[in-house]
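# Fold and contact review
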Amino acid sequence: MTDPRIAVVVLAAGQGTRMKSTTPKVLHRLAGLPLIAHVLRTAESLQPEHVAVVVRHERDRVAAEVAERTPDAIVVDQDEVPGTGRAVEVAVDALPADFDGVVVVLSADVPLLDPPSLMSLVSAHAGNAVTFVSAIAPDPTGLGRILRDGDGAFSGVVEHKDATDAQRMITETNAGIYAFDVTHLRAVLPGIGTDNAQREKYITDAPALIAARGGRIDVLTLTDPWLVAGVNDRSQLADAGRELNARIVRRHQLAGVTVRDPASTWIDLDVTIEPDAEILPGTALEGATAIAAGAVVGPDSTLRDTEVGVGARVSRTDATLAVIGDRATVGPFAFLRPGSYLGEDGKIGTFVETKNARIGRGSKVPHLSYVGDADIGEESNIGANTIFANYDGVAKHHTDVGSHVRTGSHNVFVAPVRIGDGAYTGAGTTVRKDVPAGSLAISFAPQRITEGWVEEHRPGSAAAQAATAALEDAHGE
């Protein structure tokens, strides 16, 4: 929807004391984004001419988040006068004087409101001076109630703390989302008082003043209460998170993704998954993770900002800022740290950790190894229990392993070092010097055997007894 005559005001000044947190309420995260980021995204769906965000508590932290998400937003500081009415007043004062359109008011702690609902509000507002959004709440405790007259027409709003017992029985609640004609709004905001239980300026007092001016008031009732559910404490944050996650999972399922167990699968809002991918139980896909068609991820895996290629298989893996190529396999019990790249048809196996490592097409690190600050070419195999020793206590150094290399078990590559194409290394080798292409590198000491050592130095032990019995049997033969 395009309407250059729309301004969006986002209320984000509250302290959110019920969160009991040093983090501002609106910066707590849901599906990978702060609460306020969800609201700003929804606001942008209107393509508004102006976005004004009202801040106060931890204003610099909130303002920084706003600047990152919506660089053109106007950040407005609320003064000592409390209440939503005052917050809207300072925001409207910050708009250009010649703005004469619709002001849409949103709350930064209502993250599930979606663009279609917001567009419906703007459409329903045509010809109105004020349009409320309401919802039927199963438990309206703490919420403002919509009051209607005998004909069912809107007659007012009462906050929960100011409501009578009869009014508290009403289940139609004020969502705190509004559309105002800015001319009416500018006229009545200075006249809103503080004669209420909270001694605050309520924006909900504006409609009565607007009605007295002859402005028309209407209500848009949403049938889905989750769209207007506010987040005020950690419990509500978790509830909203579960609901949003269920919707995200279902969206992917309807798009052709198999999610084996939605209840144990968590998918952030910005994750992309192509059709015919499969997500197994206990999996969390976070940030900008992208899963290609035919890939299988899980069980019990967490991927953050990670790309998984076509037909790849990732099992019981923790990966961050990693790239996994087509048909590659990872895990179980692998740890891919930032900068890990696994080429197509490659393998990172059981109990393998990688960091700043590029592993080429068809190359394998099957088990019990650490690969850090290294490039491995194509079709190479790194033996079990191999360590890329990249840190000398002061600086990190790089290791290059060529293509078609075969390294033995229990190797240590002491960086900086290069192993050329087609080279081999023996088991137990510590590589401190470059290995030319096609060479064999071996480091070992002669094996020394001291017969009778256990019986002499561990007399009476179980080992000594077993050794004695074995020797007697051998002599007996």
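Above: the structure in question.
Residues numbered from 1 in each chain as written. Predicted model: local features only at pLDDT ≥ 70, side-chain atom pairs only at ≥ 80, totals over all residues. Heavy atoms only, no water.

Scanning the protein for helices and strands turns up nine helices and 35 strands. Overall size of the protein, expressed as C-alpha extent along the three principal axes, is 110 × 50 × 45 Å. Burial status across the protein gives 47% buried among its 477 residues. In the protein, the share of contacts with a sequence separation of at least 24, taken over all contacts with a separation of at least 6, comes to 40%. When the accessible surface of the protein is totalled, it reaches about 22300 Å², and 51% of it is carbon and sulfur. Side chains of the protein give 43 positive and 62 negative charges; the mean places of these two sets differ by 2 Å. (Helix = DSSP H or I, 4+ residues; strand = E, 2+ residues; numbered from the N terminus. Buried < 20%, exposed > 50% of the residue type's maximum accessible area, 1.4 Å probe, protein only. Contact = heavy atoms within 4.5 Å. Areas by Shrake-Rupley, 256 points an atom, 1.4 Å probe, with all protein chains shown as cover. Lys, Arg positive; Asp, Glu negative; His and termini not counted. Charge placed at Lys NZ, Arg CZ, Asp CG, Glu CD.)

Looking now at the packing of helix 1 (residues 35-44) against helix 2 (residues 59-69). The packing of two helices is summarised by the inter-axis angle and the distance between the axes. Remark: helix 1 packs on helix 2, axes separated minimally by 10 Å, with the N-to-C direction vectors making an angle of 40 degrees. Relative to helix 2, the element helix 1 is oriented oblique. Along this stretch, helix 1 crosses helix 2, giving a crossing that reads as right-handed. Contact residues: Ile36, Ala37 and Leu40 in helix 1; Val62, Glu65, Val66 and Arg69 in helix 2. Partitioning the contact of helix 1 with helix 2 into residue classes produces five nonpolar, no polar and two charged. (Axes fitted to C-alpha atoms, helices over the stretch in contact; angles between N-to-C directions. Parallel < 35°, antiparallel > 145°, perpendicular 65-115°, else oblique. Left-handed = near helix turned anticlockwise from the far one by under 90°. Nonpolar A, V, L, I, M, F, W, Y, C, P; charged D, E, K, R; others polar.)

Our focus in this paragraph is the pattern of salt bridges. Following the criterion strictly, the structure yields 25 salt bridges and no others. A salt bridge links Arg199 to Asp195, with the nearest nitrogen and oxygen atoms 3.7 Å apart. With a relative accessible area of 75%, Asp195 lands in the exposed category. Put simply, Arg327 and Glu344 hold a salt bridge, and the shortest N to O gap is 3.8 Å. With Arg327 in the loop between strand 23 (323-324) and strand 24 (329-330) and Glu344 in the loop between strand 26 (341-342) and strand 27 (347-359), this pair connects stretches of sequence that are 17 residues apart. By relative accessible area, Arg327 is classed as partly exposed at 44%. Overlapping salt bridges, with partners in common, bring together Asp79, Arg86, Glu89 and Lys201 in one network. (Salt bridge = Lys/Arg side-chain N within 4 Å of Asp/Glu carboxyl O.)

With eight of its 11 residues buried, helix 3 (residues 84-94) lies for the most part within the structure. Of the residues making up helix 3, those classed as buried are Gly85, Arg86, Ala87, Val88, Glu89, Val90, Ala91 and Val92. Structurally, helix 3 contributes buried residues whose contacts are with strand 1 (6-12), strand 4 (50-55), strand 5 (74-77), strand 6 (102-107) and helix 5 (182-188).

A few words now on unusual backbone geometry. Residue Pro299 is bonded to the preceding Gly298 through a cis peptide linkage, with omega at 0 degrees. A cis amide bond, omega 0 degrees, links Ala415 with the succeeding residue Pro416. By the secondary structure assignment, Pro416 is in the loop between strand 31 (412-414) and strand 32 (417-419). Residue Gln47 is not a glycine yet carries a positive backbone phi of 50 degrees. Residue classification places Gln47 among the partly exposed residues on the basis of a relative accessible area of 44%.

In this section: a nonpolar patch on the surface. On the surface, Tyr424, Leu440, Ile442 and Phe444 cluster together into a nonpolar patch covering about 490 Å² of accessible area. Turning to its location among the elements, Phe444 is positioned in the loop between strand 35 (440-441) and helix 8 (453-457). The class for Phe444 is exposed, based on a relative accessible area of 68%. (Patch = residues over 30% accessible without salt bridge, like charges linked within 9 Å, V, L, I, M, F, W, Y side chains within 5 Å.)

In this section: the pairing of strand 10 (residues 172-181). The buried fraction of strand 10 is high, at nine of 10 residues. Both strand 7 (residues 130-136) and strand 10 contribute to a ladder of six bridges, which runs antiparallel. The residue of strand 10 that forms the bridge with Ala135 is Thr173. (Pairing = 2+ DSSP bridges.)

Turning our eyes to something else, we now look at empty space enclosed by the protein. By the definition in use, this model includes one cavity of 30 Å³ or more. Empty space within the largest cavity amounts to approximately 40 Å³. Forming the boundary of the largest cavity are Val39, Thr42, Leu106, Ser107, Val110, Leu113 and Ile177. When contributions to the lining of the largest cavity are tallied by element, the ones reaching two or more residues are helix 1 and strand 6. By residue class, the composition of the lining of the largest cavity is five nonpolar, two polar and no charged. (1 Å grid on protein atoms, 1.4 Å probe; cavity = no way out; pocket = protein on both sides within 12 Å on 5 of 7 lines; lining within 4 Å. Points joined across faces, edges and corners; volume = space filled by probe spheres on them.)

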